[in-house]
Amino acid sequence: MKYVATATRRYRMELPGHDWFEPVTTDNVHRVVNARRTARIAGLQLVVSLLPLQVEEMPACYWCRARPRAVEYDCDGAYRTATCDSAQCREARRLTYEGIIAHPSYHRGDQALRIVKPVRVRTTDGPRPGVVTVDEYEDITCLCGNISSYAGFHECLPGGALVGPDHPEWNGLWWCAGVGCPGVIVDCREPAVYADEPGAPAKVVVTEL
Ligand SMILES: [Zn+2]
Ligand SMILES: [Zn+2]
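This section reports on the structure supplied with the text. Everything quoted here is computed from the prediction, not taken from an experiment. (Residues numbered from 1 in each chain as written. Chains lettered and ligands numbered in written order. Predicted model: local features only at pLDDT ≥ 70, side-chain atom pairs only at ≥ 80, totals over all residues. Heavy atoms only, no water.)

1. Section: helix α2 (residues 87–97)
Among all positions of α2, only C89, R93 and T96 are buried. Axial view of α2: buried residues confined to an arc of 65 degrees, hence all on one face. Turned more than 90 degrees away from the buried face of α2 sit A87 and Q88, all of them exposed. Measuring from the side-chain oxygen of the N-cap residue of α2 to the backbone nitrogen of Q88 gives 3.3 Å; that N-cap residue is S86. (Buried < 20%, exposed > 50% of the residue type's maximum accessible area, 1.4 Å probe, protein only. Helix = DSSP H or I, 4+ residues; strand = E, 2+ residues; numbered from the N terminus. Arc of directions from axis to C-beta. Polar contact = N/O pair within 3.5 Å; in protein donor to acceptor, adjacent residues only side chain to side chain.)

2. Overview of the coordination of the zinc ion (ligand 2)
Around a metal, the ideal angle is 109.5 degrees if four donors adopt a tetrahedral arrangement and 90 or 180 degrees if six donors adopt an octahedral arrangement. Protein-derived coordination of the zinc ion (ligand 2) comes from C142 (SG), C144 (SG), C176 (SG) and C181 (SG), at a distance range of 2.2 to 2.3 Å. Between the four donor atoms coordinating the zinc ion (ligand 2), the angles at the centre fall across 106 to 117 degrees, so the site counts as tetrahedral. Sequence spacing among the residues donating to the zinc ion (ligand 2) works out to C-x1-C-x31-C-x4-C. A residue pair is termed long-range when its members are at least 10 positions apart, and C144 in the loop between β11 (140–141) and β12 (153–155) and C176 in strand β13 (residues 173–176) qualify at 32 residues. Using a relative accessible area of 0% as the deciding quantity, one classes C176 as buried. (Donors = N, O, S within 2.8 Å, 3.2 Å for Na, K, Ca; no water. Tetrahedral: all angles 85-135°; square planar, octahedral: opposite > 155°, others 65-115°.)

3. Overview of the nonpolar core
Counting 12 residues, the largest nonpolar core consists of V116, V132, V134, I140, C142, L143, F153, C176, C181, V184, V186 and A192. Ranked by size, the runner-up nonpolar core spans seven residues in total, among them M13, L15, A39 and L46. (Core = buried A, V, L, I, M, F, W, Y, C linked by side-chain atoms within 4.5 Å.)

4. Focus on the pairing of strand β7 (residues 77–80)
Alignment of strand β6 (residues 71–74) against β7, held across four bridges, turns out to be antiparallel. If you follow V71 over to β7, its bridge partner there is R80. In this structure, the hairpin formed by β6 and β7 is closed by a connection of two residues. (Pairing = 2+ DSSP bridges.)

5. With respect to helix α1 (residues 29–42)
Within an α-helix, residues lying three or four positions from one another point in the same direction, as the helix has 3.6 residues per turn. Here α1 is 14 residues long and its end C-alpha atoms lie 20 Å apart, about the 20 Å a rise of 1.5 Å per residue gives. A side-chain oxygen of the first residue of α1 lies 3.0 Å from the backbone nitrogen of H30; this N-cap is N28. Positive backbone phi, at 75 degrees, marks G43, one or two positions downstream of α1. (Expected span 1.5 Å × (residues − 1).)

6. A word on the sheet that holds strand β10 (residues 133–134)
The pairing of strands in a sheet comes from backbone hydrogen bonds and takes either a parallel or an antiparallel form. Spatially, the three strands line up as an open sheet ordered β9-β10-β11, and their pairing is mixed. One side of each edge strand has no neighbouring strand; the edge strands of this open sheet are β9 (119–120) and β11. The pairing of β10 with β11 spans two bridges and is antiparallel. Bridging from a neighbouring strand, V134 pairs with I140 of β11.

7. Topic: the sheet that holds strand β4 (residues 47–50)
Pairing in this open sheet of three strands is antiparallel, and the strands run β3-β2-β4 from one edge to the other. This sheet does not close on itself; its edge strands, each paired only once, are β3 (24–26) and β4. Neighbour-to-neighbour, the strand axes of the sheet open up by a mean angle of 20 degrees, direction not taken into account. Of the strands in this sheet, β2 (11–14), β3 and β4 touch α1, which is tilted by about 20 degrees from β2. (Axes fitted to C-alpha atoms, helices over the stretch in contact; angles between N-to-C directions. Contact = heavy atoms within 4.5 Å.)

8. Let's talk about the pattern of salt bridges
Within the structure shown, the criterion is met by five salt bridges. Of the charged contacts, one joins E14 and R12 as a salt bridge, the two residues approaching to 3.6 Å between their closest N and O atoms. Residue class for R12 comes out partly exposed when judged on its relative accessible area of 29%. (Salt bridge = Lys/Arg side-chain N within 4 Å of Asp/Glu carboxyl O.)

This is the structure in structure tokens:
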């Protein structure tokens, strides 16, 4: 996982000589500006001091890999999402989900794009988490969980460049468009074989996500 440094500036606001005012510490600069304006209107001397910068290493948004992941809350408390909440990044994600732009695949994971040969499974076998599989109907399931009816797979070249199915050099590589995929190209250049078939040289690739 990639980490990015974030710096938070905190401000402490005091009203010297006014015991009724509890000193306030905040990282919201708009709140400071508003408080200063209010104090000036009221004829009070608000003292704002800058607290030392708080620098933290935060997990980076898996999408833009530039901003810290957003924090959200549910019944279990605070948790970190997979993405940041910057408007620019959100818009890029939306356009990609709608198929308007293809996000460069090297941006999506921390590991380089890997070409993975799928293992043949039967639909009745149940899920194989962490393994790229293809079933008897040639439906691919990526190790990230993506399937063709969800985010889908795109024809690509070995370097990850997306091409059309009629591209002369395309010969069966599928770029996984799964959100959160560490960057997998599914290699369907040769028919996949059942892992449990006697004598089958199928290699099961298990990836830690
Ligand atoms: Zn982002
Ligand atoms: Zn995937």
